[in-house]
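# Examining the three-dimensional arrangement
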Amino acid sequence: MSDAAAKEGLLLAVKKRLDDVGKVVMVGGGKGGVGKSLVACGLAISLAKSGAKVGVLDLDIHGASVPEYLGVGPPLESDARGLKPKRAKGLKVMSVGLFTGSRPVPMRGDDKEALVAQLFSLTVWGRLDYLVVDLPPGLADEFLTALKLFGRKASLVLVTTPSPIALKVVGRLRTLARGEGISLRGVVLNMSSMRALGGVIHPLGRADRGALESLLEAKVLAEVPFEPRVGVTELRALLRRRGEFSDGFTSLARTVSGTEGNERP
Amino acid sequence: MHELSLAQSILDQVAKMAGGRGIRVLEIGVGELMQVDRKAFEQAVKVLMSGPGFEGAALRVRVEKASFSCRRCGSKWKMADVRKQLSGLPDSLKVREPEDRASPLHFLPYLYTAFVRCPKCGSSDIYAGSGKELVLRGLILK
């Protein structure tokens, strides 16, 4: 038996682990720097606030930032059943960054499918209502692997900024998701505005909500303003404060946990 | 330490392939890069094989050698060089097991490019051609 047998074994292990997961919510945007990890972590925190059991799987192998957003780091622990996910006040978290710390992770495509399958299937998630998957930029191996592994239970939340370039890239992701039959939850418009000079400005441009929904054939689930304290103040603390930033995530979590806003391609 | 979960995963695969038929011979390959304790793994498989379908089944486990090559300079090396490099891994990156600490590669062997470099030129653009996976090498049904 060949390497195909090894892959078959991994896929079986993933399937078994996935049986304990209610819904998989993939968060992607295609373009780097639009705030995918921030939205994934903010969504996970907001879902957990309502008492849901939530796991976060960081698939950004080369640029893992979920551990920083959620305040966890190496070392990991294991037992006979597998790897224990890091606990971040109610969330269960797994990321390549929890193995590598600040080390760079150079890796070609060949090994990524197996790595992603191992990372998910070796983690003892327990029963989860939601697994939030932070997708990396681009449409390469990690993204395609996530579609393959989680497709049957997954829906996709797109993240973009109002920048015309980001909108163009996220549109490509939308097209791909439709082709692959992935259920689309909707779009998060991140960094849509910011408070400055005593008023509200739109540093990345002003997106017309209706035009955006028409372009992406998806509902805008939430608008999240630029929050300069992200990365300085703990994300959980920022989401505890009342304001447009936390309101955006509350609105997103409500839509994801309900049926409102769901659209199938 | 997670030999039991590895054993379970391979036996799940065996059960699926056997489709209810009994097992006569089971051959498993364990990649050297996984740094699995072969005896512990074999023991774990035997414990799980005590159920129905495995009566009288013969088990063969072999460790498959890992081989590495550098895409930059073309040099080739074996696991011994990797062990040397891993011995310098800081404790903070080792996974805490109940009675020991393990290299991350014990769990995620495919992550080798983050921890291993070409011993000759130092490049991280390297390739492990073999010895990085757990694989069902042979299965003879009754």
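For the structure, check the block above.
Thresholds, definitions, all that
- Residues numbered from 1 in each chain as written.
- Chains lettered and ligands numbered in written order.
- Predicted model: local features only at pLDDT ≥ 70, side-chain atom pairs only at ≥ 80, totals over all residues.
- Heavy atoms only, no water.
- Pairing = 2+ DSSP bridges.
- Helix = DSSP H or I, 4+ residues; strand = E, 2+ residues; numbered from the N terminus.
- Contact = heavy atoms within 4.5 Å.
- Buried area = accessible area lost by both parts, 1.4 Å probe.
- Salt bridge = Lys/Arg side-chain N within 4 Å of Asp/Glu carboxyl O.
- Buried < 20%, exposed > 50% of the residue type's maximum accessible area, 1.4 Å probe, protein only.
- Arc of directions from axis to C-beta.
- Polar contact = N/O pair within 3.5 Å; in protein donor to acceptor, adjacent residues only side chain to side chain.
- Axes fitted to C-alpha atoms, helices over the stretch in contact; angles between N-to-C directions.
- Core = buried A, V, L, I, M, F, W, Y, C linked by side-chain atoms within 4.5 Å.
- Phe/Tyr/Trp six-rings, centres within 6.5 Å; stacked < 30°, edge-to-face > 60°.
- Right-handed = clockwise from strand over helix to strand, strands pointing away.

### Observations concerning the pairing of strand 3 (residues 67-70) of chain B
Residue and element names in this part refer to chain B. As paired strands, strand 3 and strand 4 (residues 76-78) are joined by 3 bridges and run antiparallel to one another. Paired with Ser 67 across the bridge in strand 4 is Lys 78. The turn joining strand 3 and strand 4, which pair antiparallel and follow one another in sequence, is formed by 5 residues; a positive phi near 80° is taken by Gly 74. Summarising the sheet, strand 3 and strand 7 (residues 126-130) pair through 4 bridges and their orientation is antiparallel. Each residue of the ladder has a partner; that of Ser 69, found in strand 7, is Tyr 127.

### Thoughts on the interface of chain A and chain B
Taken residue by residue, the interface counts 36 residues in chain A and 40 residues in chain B. Carbon and sulfur atoms make up 61% of the surface buried where chain A meets chain B, a total of about 3,200 Å² over both sides. At the boundary of chain A with chain B, the tally comes to 4 salt bridges. The partner of Asp 12 of chain B in a salt bridge is Lys 16 of chain A, with the nearest N and O atoms 2.7 Å apart.

### Quick notes on helix 2 (residues 38-48) of chain B
Residue and element names in this part refer to chain B. Those residues of helix 2 lying buried are Phe 41, Glu 42, Ala 44 and Val 45. Looking down the long axis of helix 2, one finds its buried residues gathered within 160° of arc, a one-sided arrangement. Where the residues of helix 2 are buried, they touch helix 1 (3-18), strand 1 (23-31), strand 2 (58-64) and strand 8 (134-141). Sitting at the amino-terminal end of helix 2 is Asp 37, which places a side-chain oxygen 3.1 Å from the backbone nitrogen of Lys 39.

### Examining the environment of Phe 249 of chain A
Residues and elements named next belong to chain A. By secondary structure assignment, the location of Phe 249 is in helix 10 (residues 244-257). Judged by relative accessible area, Phe 249 falls into the buried class, the value being 0%. Along the chain, Phe 249 and Leu 128 lie 121 residues apart, while their C-alpha atoms are 20 Å from each other. Ignoring sequence-local partners within four residues, the contact set of Phe 249 consists of Leu 38, Val 39, Gly 42, Leu 43, Ser 46, Val 224 and Leu 239.

### Section: the side chain of Glu 64 of chain B
All names here are of chain B. Assignment of secondary structure puts Glu 64 in strand 2. Separated by 2.7 Å, the side chains of Glu 64 and Arg 137 make a polar contact. The residues touching Glu 64, leaving out its near neighbours within four places in the chain, are Gly 29, Val 30, Gly 31, Glu 32, Gly 131, Val 135 and Arg 137.

### Overview of the side chain of Glu 227 of chain A
All names here are of chain A. Along the chain, Glu 227 falls in the loop between strand 12 (220-224) and helix 9 (235-240). Classification of Glu 227 as buried rests on a relative accessible area of 13%. There is a polar contact of 2.8 Å between the side chain of Glu 227 and the side chain of Arg 229. In contact with Glu 227, other than residues within four places in its own chain, are Leu 238 and Phe 245.

### A few points about the sheet that holds strand 1 of chain B
In a beta sheet, neighbouring strands are held together by backbone hydrogen bonds and run either parallel or antiparallel to one another. Residues and elements named next belong to chain B. Strand order in the open sheet made by the 3 strands is 2-1-8, with mixed pairing throughout. The outermost strands of the open sheet, each flanked by one partner alone, are strand 2 and strand 8. Mean inter-strand twist for the sheet, computed between neighbouring axes without regard to direction, equals 15°. Bridge analysis of strand 1 against strand 2 gives 7 bridges, and the strand direction is parallel. Bridge assignment links Gly 29 to a residue of strand 2, and that residue is Arg 62.

### Description of the nonpolar core
Grouped together as the largest cluster of nonpolar side chains are 111 residues, with contacts concentrated most on Phe 150 of chain A together with Leu 111 of chain B. The element best represented in this core is helix 2 (residues 36-49) of chain A, accounting for 9 residues. Residues within four places of Phe 150 of chain A in sequence aside, it is in contact with Leu 18, Val 24, Leu 57, Leu 59, Phe 120, Leu 131 and Val 133 of chain A. With 23 residues, the next largest nonpolar core counts Ala 18, Ile 28, Met 34 and Leu 134 of chain B among its residues.

### Concerning the environment of Leu 128 of chain A
All names here are of chain A. The residue Leu 128 is located in strand 7 (residues 128-134) in this model. Using a relative accessible area of 4% as the deciding quantity, one classes Leu 128 as buried. Excluding residues that lie within four positions of it along the chain, Leu 128 makes contacts with Asp 20, Val 21, Gly 22, Lys 53, Val 54, Gly 55 and Lys 92.

### Thoughts on the packing of aromatic side chains
Taken as a whole and assessed by the stated rule, the structure comprises 5 aromatic pairs over all chains. With a centroid separation of 5.9 Å and 10° between ring planes, the pair formed by Phe 68 of chain B and Trp 77 of chain B is classed as stacked. For the pair shown, Phe 68 of chain B and Trp 77 of chain B are each scored as buried. Taking 6.2 Å as the distance between ring centres and 65° as the angle between the ring planes, the aromatic pair formed by Phe 68 of chain B and Tyr 112 of chain B counts as edge-to-face. Here Phe 68 of chain B is found in strand 3, whereas its partner Tyr 112 of chain B is found in the loop between strand 6 (101-102) and strand 7, with 44 residues between them in sequence. With respect to burial, Phe 68 of chain B and Tyr 112 of chain B carry one shared label: buried. Clustering of aromatic rings is evident, with ring pairs tying together Phe 120, Trp 125 and Phe 150 of chain A.

### A look at the pairing of strand 9 (residues 183-190) of chain A
All names here are of chain A. Strand 9 sits mainly inside the fold: 8 of its 8 residues count as buried. Note that strand 8 (residues 154-160) and strand 9 share 6 bridges and pair parallel. Across the sheet, the residue bridging to Val 157 is Gly 186, located in strand 9. For the handedness criterion, the β-α-β arrangement of strand 8, helix 7 (residues 164-179) and strand 9 is classed as right-handed.

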